[in-house]
Amino acid sequence: MVKSKKKAYWKNLRKSIWASKARFFSIFAIVFLGAAFFAGLRNTPGTMTKSMDAFLDQYHYADLTYMASLGFSKEDIQEIENIEGIEAIGYGYQFDALVNHNDDSLSGMTVYANDHYDKDMINSPYLVDGRYPQKDNECMIDEEMLSEGYQLGDEILIHNDQGKKTFQIVGIINDVRYIAVTDRGTNTLGDGTNSGYIEILNENNDFLAMPEDLYDLRDEDVLYNQISVCVEGAKEYNVFSEEYDDYIEDINTKIKSTLSLKMSRLYEDLTSDAKTQLDKAQKEYDEGYTTYQDSKNLFDEKILEAKIQLTNAKITLAQKESEYLKAQATASSQIEDMLGTIENTSQELKSNLETLQAELENYQNNSIEDISPEVQKSIQSLEKMGDILNSASSSLDGLTQLNEASIAIEKAKLEIQQQENKLTLEELQTNNELEKVQKELNDAKTKLDDAKDEINQIPKGRLYTLTRHENAGLVNFDSNRESIASIADIFPLMFFLVSALVSLTTMTRMVEEQRGQSGTLRALGYSKWDVIKQYIVYVILATLFACLLGIVIGTQFFPRIIYYLYNLMLFQVDAPIAIYSSLWVAIETLFISVFVILAVTLFVCVSELNLMPAVLMRPKAPKIGKRILLERIPWLWKRLSFNQKVTMRNIFRYKKRFFMSVIGIAGCTALIITGFGIKSSVSQVVDKQYQDVFTYDYLVRMEDSVSTKTAQEYQKDLLNRSEVSNVEYVLNKSVNLLKDKEDLYGSLIVYQSMDNMKNFVNFNDYHTHKDLVLDDEGIILTAKAAELLGVEKDDTIDIELDETKYNVKVSGITENYFMNYVYMSQTLYESVTSQDLEVNNAFLIMQDDRDSSQKTLETYMKEKGYGNLSNVASIGEEFDKQVQSVNLVVIILIICAGALNFIVLYNLTNINIQERKSEIATIKVLGFRRKEVYDYIFRENVLLSVIGSLVGIIFGYFLHKFIIITVELDMTMFIRQIHISSYIYAVLITLGFTYFINLTMRHVLNKVDMVESLKSIE
């Protein structure tokens, strides 16, 4: 009996599945598609890195590469070989050169030289055509150079500052160091771009890589400038993993320490003798200078003392002379007065003498007492006269003394003058001797400075370490891998969540629909577990196998197609794909696909089975009709027809079904919008950059830089030609942009004329889209560079040019989509760098764009040495190849999103019909015609699709914005606005699928039996 019961149970389960096969297979298809998409995209980045790692291992990619400015001797190489952990080591030459082929000059090439070439060497090249070089004048070239007209057997001229040599092409190769088709790295010659690579033999070619003076300086016969190292055990790690970087760094530290120590010792050896002689000469100079300084100080001190004594003597003499002059003036005045008095007294005395004589004659015989008063008066006058004369005699004596003092003063003056002349002569003689000594000391100082300069010119040597982070191709590949990983983190997750949501809705409704069957089974004696088990089996059969199949197929399909497309468009990887399958991704997929749906199903089952079997056996009573929101808007509700009112009531009455349907449709629409949005954003970049931003037709690359004066002559000559409309010569130089701890690679464009420059590049503000004003105060920075560096207008950044940093102000941020550019005026450049501007590029606009005019102009410019023309359109085509790979991936996303949209709409429509069979049968009994029945059901689908599409537009906008910023590369800015066509396409696809499904589901409505209407609720 029990056996029969179980048999009936499993038979019922099989019939349930078959009866709901459309629902079963829709769940199966949704889970399969979601699992395949989720697991496939999530495993794609791992597959890309695993395949690339296997490729690098196959061709023995060097884990570490070292280059030294002073070269490596055999002894240096031997010391590295002795380091523990080195599996293999290779050495040779690497240098930049310009290559001429059929008189066409390329901007630059990287040249590699090795002792020999075979499949087991480090960085082994693999032949596409031809053979390995066997002679010193034979070479192999990059396969990409074939597009430039190179062929086997051609001769090319390789030249740089060291020399030049002609080689014959004997092989066409691909090199494991150059996997990116569109990115060949940079070059120190030309305009800084690298067009490809050439490989030659070491023999007789070292002069192109190493200066001859270096051999004499190091006293070595053989030197190399490159060493390549393969680290033992490194192949066990993925080259893109952090574990690989950590493992390599240990060996790298040992090698760098060894080489740095060797370079330090080498510098000490090269400078030790010169420094010894310099120190000796410096000591002698210092001693001589000290003696000179002491003698000069002593002489200056004595001269100063002598000058002070002479000055004091002059002051004393001046004082004496002043006293003499005062005394002389006083004496002269007194003598003049005395002479006047003497004269007057003499006249008086003369008169008195005559009187006295007469009286004497009359009074000869008389006594003295009888002398008259007149006589006595005369006698007194004579006595007075005698006193005056005595006084005059004294004054004359004083005058004589004054004359003697005057003579003494003049004599003193003469002595002081003699002493002063003697001192001046002595000072001149001593100064002449000191100047001779000073000159000798200066000459010695100059010789010392020259000796120091010569020692400083002895190079200290620089060591350069190259890892996979410095390889342009691997960095490019890793960036693309990260872009795919960014898409894989969000897009498939949203995709899968929509799938899981619809599957949950489907299972929830199924459990609710079969409540009568569950009640019957419970009434027949089956346990709750037996009832629940049938849904568990149903879920497992519908989801587990779909999930496993999706994981297997998705992991095989999506990584293969995406990896193939990337290799087709961007990379040269001559190795089979190595599929990567992550256990964690498989667990995530199983959890979302199976366990989440199973858990919700169990929850619904338990909730239903808590009711009595008798209640379960009765259908659930329909919800009580309530007034919907539209009924509260009378002017709108009155204008609806009866069928439209019924549709509105049904939609808003069952809110759970409404929201689940809208969310599912919105999710699918958002995914389609995102897919079309990414495609539009990527595909517009080329047109935006090379038509809207760059308005010139040709880029002119010059082999050598020229002065602005020479460039103006070139410009004037070109403007006189009928083919040319306008031209502007500029400096185009690779630079590093630095801000805080961020650094970025970019190109510096220095223009001569602000007004003319606007004819070649549109400078539009990235935020306001207004024209920017060019000035001499700061630079114009492109938008992506400003965003990565985190700078705004009026901020400052550092520009590293030729290993020198310059701080400049950002005057504006311009719209730009490819590469990072810094625009600077000639005045600002010369002010900042203190160097005269020399140009190496030009922008050219054609007056006549015919091919014949282009060829004529190109020939003329080559003859004149004005530079080589590169069509901007062809540059845009190369970039377009790069972005097309993303386009192809996006097309896959769009197709998958469209398929999911179709399955979701089909599933929701099918569930809607299955749930409402009684309702459909009832309206048929009531006399609804076929078209009215179709409209009754499908009008709801259309309305739900419209609402879901509108909601999906909002979701799609934000999802697109997040993904497009995430997948951008450092040198690329995609169009971040969704084109209106993306919204239109997504809505049309959703409505188109809805219409198609409505057509295909009509036969299901036609099969609904009107007897179903008799199954009323008891």
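In this numbering scheme, every chain counts its residues from 1 along its sequence in written order. Under the rules for a predicted model, residues below a pLDDT of 70 receive no local features and side-chain atom pairs below 80 are neither given nor counted, while totals for whole chains, interfaces and linings still include all residues. Hydrogens and water molecules were not included; the side-chain quantities draw on all heavy atoms of the structure.

## Quick look at the overall build of the protein
At step 1: Each helix corresponds to a stretch of at least 4 residues labelled H or I by DSSP, and each strand to a stretch of at least 2 residues labelled E; elements are numbered beginning at the N terminus. Check the secondary structure of the protein and you find 24 helices and 20 strands.
At step 2: Contacts between residues were defined by any pair of non-hydrogen atoms, one from each residue, lying within 4.5 Å. Pairs at least 24 apart in sequence give 82% of the contacts found in the protein among residues at least 6 apart.
At step 3: Note on areas: Shrake-Rupley, 1.4 Å probe, and residue coverage restricted to the protein chains presented here. With the model as given, the accessible surface of the protein reaches about 51,700 Å², and the carbon-plus-sulfur share is 53%.

## Structural notes on unusual backbone geometry
At step 1: One non-glycine residue, asparagine 123, lies in positive phi territory at about 55°.
At step 2: With respect to the helices and strands, the residue asparagine 123 is situated in the loop between β4 (109–114) and β5 (126–130).
At step 3: Positive phi outside glycine occurs at methionine 819, with the angle close to 70°.
At step 4: Relative to the assigned elements, methionine 819 resides in the loop between β17 (804–814) and β18 (821–825).
At step 5: Burial here depends on accessible area, computed with a 1.4 Å probe over protein chains only, as a share of the maximum for the residue type. Under 20% is buried, over 50% is exposed, and the range in between is partly exposed. Exposure remark for methionine 819: the relative accessible area of 17% places this residue in the buried category.

## Focus on the pairing of strand β12 (residues 698–707)
At step 1: Two strands qualify as a pair provided DSSP detects at least 2 bridges between them. Pairing of β12 with strand β19 (residues 838–846), which is carried by 6 bridges, proceeds in the antiparallel orientation. Opposite arginine 701, over in β19, you have asparagine 841 as the bridge partner.
At step 2: Alignment of β12 against strand β20 (residues 868–871), held across 4 bridges, turns out to be antiparallel. When the bridges of β20 are listed, tyrosine 698 appears paired with asparagine 871.

## Let's talk about the nonpolar core
At step 1: Residues belong to a common nonpolar core when they are buried Ala, Val, Leu, Ile, Met, Phe, Trp, Tyr or Cys residues joined through side-chain atoms within 4.5 Å. Counting residues in each nonpolar core, the largest one holds 194 residues, and the members touching the most others are Phe55, Ile198, Ile255, Tyr729, Met757, Tyr823 and Leu844.
At step 2: A per-element tally of this core places helix α14 (residues 655–693) first, with 14 residues.
At step 3: Among residues more than four places away in sequence, those in contact with isoleucine 198 are Val99, Met109, Thr110, Val111, Tyr112, Cys139, Met140, Ile141, Met145, Ile156 and Ile158.
At step 4: One finds Ile532, Ile536, Ala586 and Leu598 within the second-largest nonpolar core, a separate group that totals 30 residues.

## A word on the packing of aromatic side chains
At step 1: Only centres within 6.5 Å qualify two rings of Phe, Tyr or Trp (six-membered ring in Trp) as a pair; their planes then separate them into stacked at under 30 degrees, edge-to-face at over 60, and tilted for everything else. Taken as a whole, this structure holds 26 aromatic pairs when the rule is applied.
At step 2: Aromatic side chains phenylalanine 37 and phenylalanine 558 sit 5.4 Å apart centroid to centroid with 90° between the ring planes, which places their arrangement in the edge-to-face category. You can see phenylalanine 37 sitting in helix α2 (residues 21–58) and its partner phenylalanine 558 sitting in helix α9 (residues 528–569), a full 521 residues away along the chain.
At step 3: Here phenylalanine 37 falls in the buried class, since its relative accessible area comes to 0%.
At step 4: The exposure class assigned to phenylalanine 558 is buried, which follows from its relative accessible area of 5%.
At step 5: Look at tyrosine 696 and phenylalanine 843: their rings are 4.3 Å apart centre to centre, the planes differ by 15°, and that puts the pair in the stacked class. Pair noted here: tyrosine 696 is in the loop between α14 and β12 and phenylalanine 843 is in strand β19, with a separation of 147 residues, a long-range link.
At step 6: Overall, the relative accessible area of 4% leaves phenylalanine 843 in the buried class.
At step 7: An aromatic cluster of three or more residues is present, and its members are Tyr690, Phe694, Tyr696, Phe760, Phe763, Tyr821, Tyr823 and Phe843.
At step 8: We call a charge positioned over a ring when the NZ of a Lys or the CZ of an Arg lies within 6 Å of the ring centre and within 35 degrees of the ring normal. In this structure, arginine 177 is placed above the aromatic ring of tyrosine 112, and the distance from its NZ or CZ to the ring centre is 3.9 Å.

## Points about the packing of helix α22 (residues 930–967) against helix α23 (residues 980–1000)
At step 1: Interhelical geometry of α22 versus α23 gives an angle of 155° and a closest axis separation of 10 Å. Between α22 and α23, the angle is such that the two are roughly antiparallel. In this structure, α22 meets α23 at a crossing whose hand is right-handed. Judged by residue contacts, Phe938, Asn941, Val942, Ser945, Val946, Ser949, Ile953 and Tyr957 of α22 engage Tyr983, Val987, Thr990, Leu991, Thr994 and Asn998 from α23.
At step 2: Classification used: nonpolar for Ala, Val, Leu, Ile, Met, Phe, Trp, Tyr, Cys and Pro, charged for Asp, Glu, Lys and Arg, polar for all others including Gly. Partitioning the contact of α22 with α23 into residue classes produces 8 nonpolar, 6 polar and no charged. Angles here are taken between N-to-C directions and fall from 0 to 180 degrees, while the axes themselves are lines fitted to C-alpha atoms, restricted in helices to the stretch in contact. Oblique is the label for every angle not falling under 35 degrees (roughly parallel), over 145 degrees (roughly antiparallel), or within 65 to 115 degrees (roughly perpendicular). By convention, the crossing between two helices is left-handed when the near helix turns anticlockwise from the far helix through less than a right angle, and right-handed when the turn is clockwise.

## Brief notes about helix α15 (residues 708–719)
At step 1: Expected span of a helix, by definition, is 1.5 Å for each gap between consecutive residues, and there is one gap fewer than residues. With 12 residues, α15 should cover 16 Å at 1.5 Å per step; its first-to-last C-alpha distance of 16 Å lies within 8% of that length.
At step 2: When α15 is considered as a whole, its buried residues turn out to be Thr708, Ala711, Tyr714, Gln715 and Leu718. End-on view of α15: buried residues confined to an arc of 110°, all on one side of the axis. Across from the buried face of α15, at angles greater than 90 degrees, the exposed residues are Lys709 and Lys716.
At step 3: Packing partners of the buried residues in α15 comprise β12, β13 (724–739), α16 (754–757), α18 (826–833), β19 and α19 (851–864). The arc in question is the one spanned by the directions pointing from the helix axis to the C-beta atoms.

## Topic: the pattern of salt bridges
At step 1: One speaks of a salt bridge when a side-chain nitrogen belonging to Lys or Arg is within 4 Å of a carboxyl oxygen belonging to Asp or Glu. Using the criterion set out here, one finds 16 salt bridges in the structure.
At step 2: Of the charged contacts in the structure, one is a salt bridge between arginine 468 and aspartate 245, with a shortest N-O distance of 3.7 Å. Of this pair, arginine 468 sits in the loop between β11 (463–466) and α7 (472–513) while aspartate 245 sits in helix α5 (residues 242–362); the two residues are 223 residues apart in sequence, bridging distant segments of the chain.
At step 3: Exposure remark for aspartate 245: the relative accessible area of 22% places this residue in the partly exposed category.
At step 4: Residues joined in a network through salt bridges with shared partners are Asp245, Arg468, Asp478, Arg481 and Glu482.

## Observations regarding the environment of alanine 88
At step 1: Along the chain, the position of alanine 88 falls in strand β2 (residues 86–101).
At step 2: In this structure alanine 88 comes out as partly exposed when scored by relative accessible area, which is 27%.
At step 3: Linking alanine 88 and serine 228, residues 140 residues apart in sequence, is a C-alpha distance of 8.3 Å.
At step 4: If we skip the residues at most four places from it in the chain, alanine 88 touches Ile122, Ser228, Val229 and Cys230.

## Some details on the side chain of aspartate 175
At step 1: Assignment of secondary structure puts aspartate 175 in the loop between β8 (163–174) and β9 (197–201).
At step 2: With residues near it in sequence (within four places) discarded, aspartate 175 still touches Asn123, Pro125, Tyr126, Tyr197 and Glu199.

## A look at the pairing of strand β16 (residues 796–801)
At step 1: With burial as the criterion, only one face of β16 is covered, namely that bearing Ile797, Ile799 and Leu801; the residues Thr796, Asp798 and Glu800 on the opposite face remain uncovered.
At step 2: As defined by bridge partners, β13 adjoins β16 across 3 bridges and the pair is classed as antiparallel. Following the sheet pairing, leucine 737 is matched in β16 by isoleucine 799.
At step 3: The pairing of β16 with β17 spans 6 bridges and is antiparallel. From the neighbouring strand, leucine 801 faces β17, where its bridge partner is threonine 804.
At step 4: Turn length for the β16-β17 hairpin, with the two strands adjacent in sequence and antiparallel, is 2 residues, and the turn residue aspartate 802 shows positive phi of about 55°.

## Quick word on the environment of lysine 716
At step 1: One can find lysine 716 in helix α15.
At step 2: Measuring from C-alpha to C-alpha, the distance between lysine 716 and asparagine 726 comes to 9.9 Å, with 10 residues separating the pair along the chain.

## Considering a nonpolar patch on the surface
At step 1: A cluster of nonpolar residues, Leu549, Val552, Ile553 and Phe557, forms a patch on the protein surface that exposes about 350 Å² of accessible area.
At step 2: Tracing the chain through its elements places valine 552 in helix α9. In this scheme, patches are assembled from residues that exceed 30% relative accessible area and form no salt bridge. Like charges are connected within 9 Å, while nonpolar side chains (Val, Leu, Ile, Met, Phe, Trp, Tyr) are connected within 5 Å.

## Points about a negative patch on the surface
At step 1: His is not counted here, nor are the chain ends, while Lys and Arg score as positive and Asp and Glu score as negative. Working definition for charges: the position is that of NZ of Lys, CZ of Arg, CG of Asp or CD of Glu. A cluster of acidic side chains, namely Glu212, Asp213, Asp216, Asp219 and Asp221, defines a negative patch on the protein surface.
At step 2: For glutamate 212, a relative accessible area of 64% corresponds to the exposed category.

## Notes on a positive patch on the surface
At step 1: On the surface, Lys7, Lys11, Arg14 and Lys15 cluster together into a positively charged patch.
At step 2: With respect to the element layout, lysine 11 can be found in helix α1 (residues 2–19).
At step 3: According to the relative accessible area criterion, lysine 11 is partly exposed, its value standing at 44%.

## Digging into the side chain of lysine 924
At step 1: Topologically, lysine 924 is positioned in helix α21 (residues 917–925).
At step 2: On the basis of relative accessible area, lysine 924 is assigned to the buried category, the value being 18%.

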